[in-house]
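Fold and geometry: a report
Listed below, chain by chain, are the residues.
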Amino acid sequence: MIRKIQHIGVAVRSLSDAIPFYRDVLGLTFLGIEEVAEQKVRTAIFRVGESTIEVLETTSPDGPVGKFLEKNGEGIHHLCLGVDDAATALAHAKEKGVRLIDETPRTGVHGMKIGFLHPKSTFGVLTEFAQEGEEP
Ligand code: CMX
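This section reports on the structure supplied with the text. Given the structure is predicted, the values throughout are model-derived calculations rather than measurements.

**Quick word on the overall build of the chain**
- In terms of helices and strands, the chain carries 3 helices and 8 strands.
- Tracing the chain from N to C terminus, the helices and strands come up as β-α-β-β-β-α-β-α-β-β-β.
- The C-alpha radius of gyration of the chain comes to 14 Å, within 12% of the 14 Å expected for a compact globule of 136 residues.
- In terms of principal-axis extent, the alpha carbons of the chain reach across some 45 × 30 × 25 Å.

This is the structure we're talking about:
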């Protein structure tokens, strides 16, 4: 059911400050910037083999990334696992007693179907499922 690490999300204060590190120091392929208004984030996406790193900047202090930065500062924000079917993956986790943030999938970066598990239920790591097929 789980195919790969789809991406790792990294929260930063400024995309324009962080992009040169990933692009010029690490030499990763920069796939572009996307804004997900519903999540109050702008994300710069970098290819790493079959996965990506999503560098996340908040567009509002009260968004999930804004709150995370306020409490923790910059750092790894979430782990995203590529799955065949996001609805099935969420339902399976719920059946096993995991607390869901999303009961059903919603639309994320690149139009992927995504859903989150609550970090209090996943040993402190905010975990996302993303339905593969439309990722970069
Ligand atoms: N990783 C680990 N723990 C986290 C966390 C994270 N990224 N974000 C919050 N937490 C912890 C908080 O530190 C807090 O812990 P304590 O109670 O010990 O202080 C706890 O979770 C808070 O939980 P809450 O009160 O239920 O909720 P919050 O309002 O703080 O929201 C969360 C937390 C995870 C439910 C919310 O950020 C969320 O819904 N996230 C999913 C969406 C998201 O993160 N979008 C941005 C990425 C977009 C994308 O890549 O597409």
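**Re the pairing of strand E4 (residues 51-58)**
- The element E4 is largely enclosed, with a buried count of 7 among its 8 residues.
- Of the pairings in the sheet, the one linking strand E1 (residues 2-11) to E4 comprises 5 bridges and is parallel in character. By the bridge assignment, Ile-8 is partnered in E4 with Ile-53.
- By the bridge criterion, 8 bridges tie strand E3 (residues 41-48) to E4 in an arrangement that is antiparallel. Residue pairing for E4: Arg-42 is matched across the bridge by Glu-57.
- The hairpin formed by E3 and E4 contains 2 residues between the paired strands, and Gly-49 there has a positive phi angle of roughly 60°.

**Some words on the site of the ligand**
- Around the ligand, the surrounding shell holds 17 residues, and the nearest of these are Gln-39, Lys-67, Lys-71, His-118 and Lys-120.
- The separation between an oxygen atom of the ligand and a polar side-chain atom of Lys-71 is 2.3 Å.
- Contact between the ligand and His-77: a nitrogen atom at 2.9 Å from a main-chain N or O atom of the residue.
- Contributions of two or more residues to the shell around the ligand are made by helix H2 (64-72) and strand E5 (75-83).

**Things to note about the side chain of Lys-4**
- Turning to its location among the elements, Lys-4 is positioned in strand E1.
- Lys-4 sits in the buried class, given a relative accessible area of 15%.
- Reaching out from Lys-4, the side chain makes a polar contact with the backbone oxygen of Glu-50 at a distance of 2.6 Å.

**Describing unusual backbone geometry**
- Despite not being glycine, His-110 shows a phi value in the positive range, around 55°.
- According to the relative accessible area criterion, His-110 is partly exposed, its value standing at 30%.
- Phi is positive for Phe-123, which is not a glycine, with a value near 55°.

**Focus: the side chain of Glu-128**
- Along the chain, the position of Glu-128 falls in strand E8 (residues 127-131).
- Buried within the structure, Glu-128 lacks any salt-bridge partner; its nearest side chain of opposite charge belongs to Arg-106, at an N-O separation of 7.7 Å.
- A distance of 3.1 Å separates the side chain of Glu-128 from the side chain of His-78, its partner in a polar contact.
- Apart from the residues lying within four places of it in its own chain, the contact partners of Glu-128 are His-7, His-78, Leu-79, Cys-80, Leu-81, Ile-114, Gly-115 and Phe-116.

How each quantity is defined
- Residues numbered from 1 in each chain as written.
- Predicted model: local features only at pLDDT ≥ 70, side-chain atom pairs only at ≥ 80, totals over all residues.
- Heavy atoms only, no water.
- Helix = DSSP H or I, 4+ residues; strand = E, 2+ residues; numbered from the N terminus.
- Rg over C-alpha atoms; globule rule 2.2 N^0.38 Å.
- Buried < 20%, exposed > 50% of the residue type's maximum accessible area, 1.4 Å probe, protein only.
- Pairing = 2+ DSSP bridges.
- Near = heavy atom within 4 Å.
- Polar contact = N/O pair within 3.5 Å; in protein donor to acceptor, adjacent residues only side chain to side chain.
- Lys, Arg positive; Asp, Glu negative; His and termini not counted.
- Salt bridge = Lys/Arg side-chain N within 4 Å of Asp/Glu carboxyl O.
- Contact = heavy atoms within 4.5 Å.

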